[in-house]
Every structure is written in C-alpha cells, then in structure tokens.
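Structural description and commentary
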Amino acid sequence: MHAILNQTGDLPWAVPLLLVAVVLAVLLARPLGRALSEPAWVAAMLVVSVGLVIAYTLTPRSGASWATIVAAPVDRTGLDELVRAPWHWWPIDARTLNVLPFMPLGFAIAFIGPRRLLWAFVACAVVAPFAIEGVQLIVSRLDRLPPWVDVVDNVTGLALGFV
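Residues numbered from 1 in each chain as written. Predicted model: local features only at pLDDT ≥ 70, side-chain atom pairs only at ≥ 80, totals over all residues. Heavy atoms only, no water.

**A closer look at the overall build of the protein chain**
Heads up, the condition is: Put simply, DSSP marks the helices as runs of H or I at least four residues long and the strands as runs of E at least two long, and each gets a number from the N terminus on. Each residue is assigned to one of three classes by its accessible area relative to the maximum for its type, calculated with a 1.4 Å probe on protein chains only: buried under 20%, partly exposed between the two thresholds, exposed over 50%. Contacts are assigned to residue pairs with any non-hydrogen atoms lying within 4.5 Å of each other. Residue exposure ignores everything except the shown protein chains as possible cover, and the areas themselves are Shrake-Rupley values with a 1.4 Å probe.
When helices and strands are counted, the protein chain shows eight helices and zero strands. For the protein chain, the N- to C-terminal ordering of α and β elements is α-α-α-α-α-α-α-α. Here the protein chain, with 163 residues, has 34% of them falling under the buried criterion. Within the protein chain, counting contacts between residues at least 6 apart in sequence, those at least 24 apart form 75% of the total. Accessible area for the protein chain stands at about 9600 Å²; split by element, carbon and sulfur atoms hold 76% of it.

As structure tokens, this is what we get:
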C-alpha cells in the first residue's frame, strides 16, 4: 500500500485525470456502446481503463525517481512468515505498478463481442505500450525515463486482464 501512495504523490495529475475518465465513461457509455454494438457497461469499462492507462503513463511526474517507489519491507520472521497481508505475497514495486494499470484494459477488451472489433482493440492495446514509451522518451516535460522493459510489463498486464 505504501508504494501505491508514493506513486499517487509522484503523479499529481493521475487522480484528477482518472476522475475525468470516470465522468466521461458515465456520459459516453450509452452512445459509445451503441456505436460499438456493445452494452453500455463494456463501453464505460473501456473508457475508464483507457483513462487509467493515460493517467498513469502520460501525466508529468513531480520529481521522485522510480527507485523510491518500493513497498514497505516485509518482516519474514516467525509467525509473520505464515500470516502475511496479501500485498506482501506479491511485491509492489515499479514492475508491478506497470502491470496493474493495463489489467483493466485487457479485461474490458475481453468482453468485446464481434471478432473483427475484438482483434482491432487487441491490436491497438498491444501497440499502445510502444507508443506510450515513445511519447515518454520524446516529451521531456513529462519527466519520465522510459525503460523499454515497461513494454513487456504493460503487455503482461493486458494479457493477464484478457485472460
């Protein structure tokens, strides 16, 4: 949990942008659902998950380095080894925080019905991490140093969400 709070402080525009995505999802769910021939909730999920990805990956940072984004240390002695909080089973680090935002997008895409439309969304979603890392590299005002391993993490999140 500590890492997520650090990450939110590191991306001051992420939460407001995510709230804008939620409002857009509410406003656009029905018309977008009709345009895609999908239920409104699928359209809303797509809008919110795309908003999450944009909020997390393309907002400017406040200056903290990725190395500072670590979970609180786990005490591995005695009973603590057997009874741990769920976030201690999987370390919350920068790689995990690159997988998580893409999982809802993969999950939303899995609900798209027509095959033609499904594969178009899958193709766009797989290309998105490459485009995002390119934008992070080119736009210096974002204050991001994009390691290309993030692409693997992002695609992993898409695949986990899809499955």
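Once the structure has been displayed, the description carries forward.
**Notes on the packing of helix α2 (residues 14-36) against helix α3 (residues 40-57)**
Our working rule: Fitted lines through C-alpha atoms serve as axes, helices being fitted only where they are in contact, and the angles separating the N-to-C directions of these axes extend from 0 to 180 degrees. Orientation categories follow fixed angle ranges, with anything under 35 degrees roughly parallel, anything over 145 roughly antiparallel, 65 to 115 roughly perpendicular, and all other angles oblique. We call a crossing left-handed when the near helix sits turned anticlockwise from the far one by less than a right angle, and right-handed when that turn is clockwise. Just so you know the grouping, Ala, Val, Leu, Ile, Met, Phe, Trp, Tyr, Cys and Pro go in nonpolar, Asp, Glu, Lys and Arg go in charged, and all remaining residues, Gly too, go in polar.
Contact geometry of α2 with α3 gives a least axis separation of 7 Å together with a crossing angle of 150 degrees. One finds that α2 runs roughly antiparallel with respect to α3. For the pair α2 and α3, the sense of crossing is right-handed. Residue-level inspection shows Ala14, Leu17, Leu18, Ala21, Val22, Leu24, Ala25, Ala29, Arg30, Leu32, Gly33 and Leu36 of α2 in contact with α3, the latter providing Ala40, Ala43, Ala44, Leu46, Val47, Val48, Gly51, Leu52, Ile54 and Ala55. By residue class, the composition of the contact of α2 with α3 is 19 nonpolar, two polar and one charged.

**Quick notes on the packing of helix α7 (residues 115-138) against helix α8 (residues 149-162)**
Describing two packed helices takes the angle between their axes plus the distance from one axis to the other. One way to put it is that α7 packs onto α8 with a least axis distance of 8 Å and a crossing angle of 155 degrees. Accordingly, the angle class assigned to the pair α7 and α8 is roughly antiparallel. Like other packed secondary-structure pairs, α7 and α8 cross with a definite hand, here right-handed. Along the contact surface, α7 presents Leu118, Val122, Ala125, Val126, Pro129, Phe130 and Glu133, while α8 presents Asp150, Val151, Asn154, Val155, Leu158 and Phe162. Class assignment for the residues of the contact of α7 with α8 results in ten nonpolar, one polar and two charged.

**What about α8?**
Formally: An expected span of 1.5 Å times one less than the residue number is assigned to each helix. It is the directions from the helix axis to the C-beta atoms whose arc is reported.
The end-to-end C-alpha distance of α8, which contains 14 residues, comes to 20 Å, matching closely the 20 Å that a straight helix rising 1.5 Å per residue would cover. All buried positions along α8 are accounted for by Asp150, Val151, Asp153, Asn154, Gly157, Leu158 and Gly161. Along the axis of α8, the buried positions cluster into a sector of 165 degrees, meaning they face one direction only.

All quantities given are derived from atomic positions and should not be read as evidence of function.
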